[in-house]
Amino acid sequence: FPVTIGVNSQGQIQVNSVNDIVRVKAFAANPFTNTTNETLPSIEVNLNNSTVTSNNIEIPFTTDTKGNKVSALQFEVVYDPTKIKFEEIKSSLPNTWFVFANSTEGKVIFGAIDKDLKSPYTGVVTPFALKFSSIGNGVDLNTKVKVTANLDASDEKGNQLGIVLNTTTIKLTGYNNF
């Protein structure tokens, strides 16, 4: 992956050298989260805050391919494991896609790849929804799920696509906190 900058569990960019500072500035000026190459075709990923009304939480990842044919996607999210627990990934992709999710406490890496490169998708699609459950009473919940810079997408030829995120932080607010 072309990601060269680390993000800690609070979503803050970590730098260790002058070269890292140069990379941070390049990413800050670039509309893409996953690459500094501004000439790539791109997709948009839209994430929304959620008002939690039960102990079950679903976070949809909606993509607009902008006419590109998407054949692979990967994301990483971090969350507070004292507040919510990852349960599963739901996918609306065809069964010719290999969907994966690797979960450790406080982090989920997930995505999918079109195994045969014969079923790319286009348009506005919600390929994934992450399901969480609240540790305590969901209506009292006040936490976040953050998307890290460890993400990528490619087209049906294996060419990288830029990813434009509308936000990197999804706020989960229980109904009682509204």
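Preceding this paragraph is the structure being described.
All right, on to unusual backbone geometry then. If you check the backbone angles, Lys66 has positive phi at about 55° while not being a glycine. Residue classification places Lys66 among the partly exposed residues on the basis of a relative accessible area of 45%. Of note in the backbone geometry, Leu117 takes a positive phi value of approximately 55° without being a glycine.

Across the sheet, five strands lie side by side as E7-E10-E5-E3-E13; this open sheet has mixed pairing. The sheet terminates laterally at strand E7 (84–91) and strand E13 (162–165), the two strands that pair on one side only. Sheet twist, expressed as the average angle between the axes of neighbouring strands with direction ignored, equals 25°. Sheet topology places strand E3 (residues 42–46) next to E13; four bridges connect them, and they run parallel. Paired with Glu44 across the strands is Val164, a residue of E13.

Aromatic ring pairs are described here by two measures, namely the spacing of the ring centres and the angle between the planes. In total, this model carries nine aromatic pairs according to the counting rule given. Ring centres of Phe61 and Phe110 lie 5.1 Å apart, and the angle between their planes is 80°; on these two criteria the pair is classed as edge-to-face. Within this pair, whereas Phe61 is found in strand E5 (residues 56–64), its partner Phe110 is found in strand E9 (residues 107–114), the two being separated by 49 residues in sequence. Each member of the pair Phe61 and Phe110 is classed as buried. Seen from their ring centres, Phe98 and Phe100 are 6.3 Å apart, and the 25° between their planes marks the pair as stacked. Phe98 sits in the partly exposed class, given a relative accessible area of 47%. Among the residues examined, Phe100 registers a relative accessible area of 24% and is labelled partly exposed. Among the aromatic side chains, those forming a connected cluster through ring pairs are Phe61, Phe75, Phe110 and Phe128.

Scoring rules and cut-offs
- Here the residue numbers are simple positions, counted from 1 along each chain's written sequence.
- Under the rules for a predicted model, residues below a pLDDT of 70 receive no local features and side-chain atom pairs below 80 are neither given nor counted, while totals for whole chains, interfaces and linings still include all residues.
- Side-chain metrics in this entry use all non-hydrogen atoms of the structure; hydrogen atoms and water are not considered.
- Buried, partly exposed and exposed residues are distinguished by accessible area as a fraction of the type maximum, computed with a 1.4 Å probe on protein chains only: under 20%, between the cut-offs, and over 50%, respectively.
- By the convention used here, strands pair only if DSSP detects at least 2 bridges between them.
- Here a strand is any run of E in DSSP of at least two residues, a helix any run of H or I of at least four, and the numbering for each starts at the N terminus.
- Here, axes are lines fitted to C-alpha atoms. For helices the fit covers the stretch in contact, and angles between N-to-C directions go from 0 to 180 degrees.
- Only rings of Phe, Tyr and Trp enter the pairing, Trp through its six-membered ring, and a pair is recorded when the two centres are within 6.5 Å. The plane angle decides the type: under 30 degrees is stacked, over 60 is edge-to-face, the rest tilted.

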